Amino acid sequence: MPGAAALQVFLVMAVMLGAVMAPPASGSLMLVPLDPGNRPALLKQALENGALLEGAGPLPGSYVVRARRDALFLPMLGRGVLVLAARPVLCGKAGSRAA
């Protein structure tokens, strides 16, 4: 049964990580392109869908924007971009990022 216990631990950790990284309904969102070469199109698409740029994200090619999740999630996913919660721990203090 050690395999079953390891699976349970993995599932609990995956749920906890998902809860921490799930994007809020509105607020600061981190946009992470799966292809960093898609960065210019990513920002244009986000702005066209009502996002306001807060700055560069902590990951290569990523941005932090203020937006509504429902306005961005599907358009970004269709372009190969992950929409995650922009937690201050990961992205620094608000207003300290540069574009």
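### Describing the side chain of S62
Here is step 1: Within the secondary structure layout, S62 lies in the loop between β2 (52–56) and β3 (63–68).
Here is step 2: For S62, a relative accessible area of 1% gives the class buried.
Here is step 3: At a separation of 2.7 Å, a polar atom in the side chain of S62 contacts the main-chain carbonyl oxygen of L59.
Here is step 4: If sequence neighbours within four positions are ignored, S62 has contacts with M30, L31, V32, P33, R39, A56 and G57.

### Examining the sheet that holds β2
Here is step 1: Pairing in this open sheet of four strands is antiparallel, and the strands run β2-β3-β1-β4 from one edge to the other. The outermost strands of the open sheet, each flanked by one partner alone, are β2 and β4 (81–85). Between one strand axis and the next, the sheet turns through 35° on average, direction left out of account.
Here is step 2: Sheet topology places strand β1 (residues 26–33) next to β4; five bridges connect them, and they run antiparallel. Paired with V32 across the two strands is L82, which belongs to β4.

Thresholds applied
Residues numbered from 1 in each chain as written. Predicted model: local features only at pLDDT ≥ 70, side-chain atom pairs only at ≥ 80, totals over all residues. Heavy atoms only, no water. Helix = DSSP H or I, 4+ residues; strand = E, 2+ residues; numbered from the N terminus. Buried < 20%, exposed > 50% of the residue type's maximum accessible area, 1.4 Å probe, protein only. Polar contact = N/O pair within 3.5 Å; in protein donor to acceptor, adjacent residues only side chain to side chain. Contact = heavy atoms within 4.5 Å. Pairing = 2+ DSSP bridges. Axes fitted to C-alpha atoms, helices over the stretch in contact; angles between N-to-C directions.

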